[in-house]
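Chain and residue survey
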Amino acid sequence: MNQKILERNHKLIRITTVPISLEKLLNNQLLFMKDYYEVTAISSDKENLERVGKSQNIPVYAVEMTRKITPWQDLKALWQLYRYLKKEQPLIVHTHTPKAGTIGMIASKMAGIPHRLHTVAGLPLLETNGSKRKLLNFVEKITYSCASKIYSNSKGLKNIIIQEGFCKPEKLKIIANGSTNGIDTQFFNPEKIATEDILDLKKSLGIKPEEFVFVYVGRLTGDKGINELLVAFQKITTQFNQAKLLLVGFFESELDPLRKESLLEIEKNSQVIFVPFQKDVRPYYAVSDVLVFPSYREGFPNAVLEAGAMRLPSIVTNINGCNEIIEHQKNGILIPPKDCNALFTAMKEIITDTNLRNYLQQNARPMVVSRFEQIVVWEALLAEYQKLESHV
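Conventions adopted
- Residues numbered from 1 in each chain as written.
- Predicted model: local features only at pLDDT ≥ 70, side-chain atom pairs only at ≥ 80, totals over all residues.
- Heavy atoms only, no water.
- Helix = DSSP H or I, 4+ residues; strand = E, 2+ residues; numbered from the N terminus.
- Expected span 1.5 Å × (residues − 1).
- Buried < 20%, exposed > 50% of the residue type's maximum accessible area, 1.4 Å probe, protein only.
- Pairing = 2+ DSSP bridges.
- Right-handed = clockwise from strand over helix to strand, strands pointing away.
- Phe/Tyr/Trp six-rings, centres within 6.5 Å; stacked < 30°, edge-to-face > 60°.
- Salt bridge = Lys/Arg side-chain N within 4 Å of Asp/Glu carboxyl O.
- Axes fitted to C-alpha atoms, helices over the stretch in contact; angles between N-to-C directions.
- Contact = heavy atoms within 4.5 Å.
- Parallel < 35°, antiparallel > 145°, perpendicular 65-115°, else oblique.
- Left-handed = near helix turned anticlockwise from the far one by under 90°.

Description of helix α5 (residues 71-88)
For α5, built from 18 residues, the straight-helix expectation of 26 Å at 1.5 Å per residue is met to within 8% by its first-to-last C-alpha distance of 26 Å. A positive phi of about 50° marks Q89, the residue just after α5.

Here's what the structure looks like:
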């Protein structure tokens with residue numbers, strides 16, 4: 001084995017488009033991998049990236065990437081990343097999120113990196129059509145062709161990738177039972193939140209003890225089904241004046257804005273509570289009764305795992321990822337995507353049928369703990385990396 005291979009045998013580089021993905025999508029996973037590899041994180045937004053690097057105690061390298069189609073900026077990022085990888089010569093480059101995947105896999109291939117891994121946690125292109133869809137399909141195929149291995153984080157996503165012809169089935173694999181990072185069920189545990197803290201938070205949010213709380217956690221965008229959720233909740237409020245809708249997250253007004261009437265509803269409806277992005281979302285699950293997650297497309301949604309671990313049943317759309325966590329009428333309710341009436345019916349059923357709600361609730365946490373414990377996912381990915389070490 002030559003000296004260059006020896007030098008790079010334990011260098012692992014993880015790349016995401018924006019630092020929040022390192023922080024939330026891969027929470028503490030890099031810290032775990034640091035015991036086995038020389039880990040470096042690459043993303044855009046140098047200031048926030050350095051903050052994440054300090055929290056995970058790993059070196060970082062900033063490459064400005066955008067989440068939009070920006071050819072000149074993308075080429076600049078590709079060249080910068082290629083030069084860095086050519087110099088560092090890591091054993092493994094592992095990318096997440098679409099833009100980081102494309103730039104990271106092309107740059108890694110150009111730099112001669114032996115193991116080029118890309119995790120697919122969702123396909124935004126599924127909600128596009130026409131010439132833009134053709135372009136995104138082409139880019140996706142380039143990403144996969146440059147990768148040596150593709151990991152889909154759900155069974156449904158794997159099937160979609162094969163159906164779309166993005167890569168051959170033998171190049172695809174799912175780590176453990178799915179999910180990019182699993183869930184720390186000791187952290188997401190309702191017993192860790194004091195009753196006094198729950199009462200205080202309810203008071204500060206204006207939630208009365210007798211009120212029923214639907215919660216949504218995540219990006220407040222069109223493709224997360226927020227427009228449909230607000231329409232369905234409007235109908236709920238005409239029949240149940242003790243219902244509240246708690247929205248925890250952030251808007252993406254450039255990429256996928258909500259309808260004007262939805263924004264007005266959030267602002268004007270006193271039964272809708274908006275809370276901006278929170279580092280610790282556990283208290284917000286703790287003050288709630290049910291998660292509502294009517295997304296159009298997913299990879300493997302963390303919010304549904306978190307809510308389940310916090311003993312909340314979920315109303316989710318019957319799409320890949322969601323339907324691998326939720327079993328209909330066992331730990332939640334499955335509904336068709338983009339269907340306001342079905343969403344309203346499910347929300348009404350879960351308010352009115354106490355026996356059903358109690359049954360779903362008692363199954364919620366055990367069904368997450370038994371299948372998606374975080375350390376299981378980390379160790380399965382580590383085993384995957386270690387298999388690569390003898391194949392340079």
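Okay, back to it.
Thoughts on the pairing of strand β4 (residues 92-96)
The buried fraction of β4 is high, at five of five residues. Where β4 lies against strand β5 (residues 115-120), five bridges are found, and the strand directions are parallel. Within β5, the residue paired with T95 across the bridge is H118. Taken together, β4, helix α6 (residues 98-110) and β5 constitute a β-α-β crossover, and its handedness is right-handed.

Section: the packing of aromatic side chains
Applying the stated rule across the entire model yields 12 aromatic pairs. Geometrically, the ring pair formed by W79 and Y82 is tilted, given 5.5 Å between the ring centres and 35° between the ring planes. With W79 and Y82 both in helix α5 and three residues apart, this pair spans about one turn of that helix. Y82 sits in the buried class, given a relative accessible area of 17%. Each member of the aromatic cluster is reached from another via a ring pair, and the members are F32, Y36 and W378.

Focus on the pairing of strand β2 (residues 38-43)
In terms of residue burial, β2 counts as a mostly covered element, since five of its six residues are buried. Sheet analysis places strand β1 (residues 11-15) next to β2, joined by five bridges and oriented parallel. If you follow I15 over to β2, its bridge partner there is I42. As judged from the three bridges shared by β2 and strand β3 (residues 60-62), these two strands associate in the parallel manner. Note on β3: the bridge partner recorded for A41 is V60. As for the winding sense of the linkage, the β-α-β connection from β2 through helix α4 (residues 46-56) to β3 is right-handed.

Notes on unusual backbone geometry
Phi at Q89 takes a positive value of approximately 50°, unusual for a residue other than glycine. Inspection of the secondary structure assignment puts Q89 in the loop between α5 and β4. Residue classification places Q89 among the buried residues on the basis of a relative accessible area of 9%. A positive phi angle, near 65°, is found at Q329, a position not held by glycine.

Structural notes on the pattern of salt bridges
Under the definition given, this model contains 16 salt bridges. E23 is the partner of R51 in a salt bridge, and the nearest nitrogen-oxygen pair spans 2.9 Å. Placement of R51 in helix α4 and of E23 in helix α2 (residues 19-25) is noted, with a sequence separation of 28 residues between them. Overall, E23 belongs to the buried group, its relative accessible area being 15%. Among the salt bridges present, the one from K87 reaches E88, with a minimum N-O distance of 3.0 Å.

Some thoughts on the sheet that holds strand β12 (residues 314-317)
Taking strand neighbours across the sheet as the criterion, the six strands line up as β10-β9-β8-β11-β12-β13 in an open arrangement whose pairing is parallel. Strands with a single pairing partner mark the edges of an open sheet, and in this sheet they are β10 (272-276) and β13 (332-335). Each strand axis lies, on average, 20° off the axis of its neighbour in the sheet, ignoring direction. Summarising the sheet, β12 and β13 pair through four bridges and their orientation is parallel. Looking at β13, one finds that I315 is bridged to I333.

So, the sheet that holds strand β7 (residues 172-173)
Remark on secondary structure: sheet strands pair via backbone hydrogen bonds, oriented parallel or antiparallel. If you trace the seven strands from one edge of the open sheet to the other, you get β3-β2-β1-β4-β5-β6-β7, paired in parallel fashion. Of all the strands in the sheet, just β3 and β7 have a single pairing partner and so form its edges. Relative to β4, β1 runs parallel, the two sharing four bridges. The residue bridging R14 from the neighbouring strand is H94, located in β4. Along the sheet, helix α17 (residues 374-388) contacts β1, β4, β5, β6 (149-152) and β7; its crossing angle with β4, the most-contacted strand, is approximately 145°.

So, the packing of helix α10 (residues 226-239) against helix α11 (residues 260-268)
Two quantities define a packed helix pair, namely the angle between the helix axes and the distance between the axes. Relative orientation of the contacting elements α10 and α11 amounts to 55°, with a least axis distance of 9 Å. The orientation of α10 with respect to α11, classified from their angle, is oblique. Here α10 runs over α11; the crossing is left-handed. Contacts between α10 and α11 involve N227, L230 and Q234 from the former and S262, E265 and I266 from the latter.

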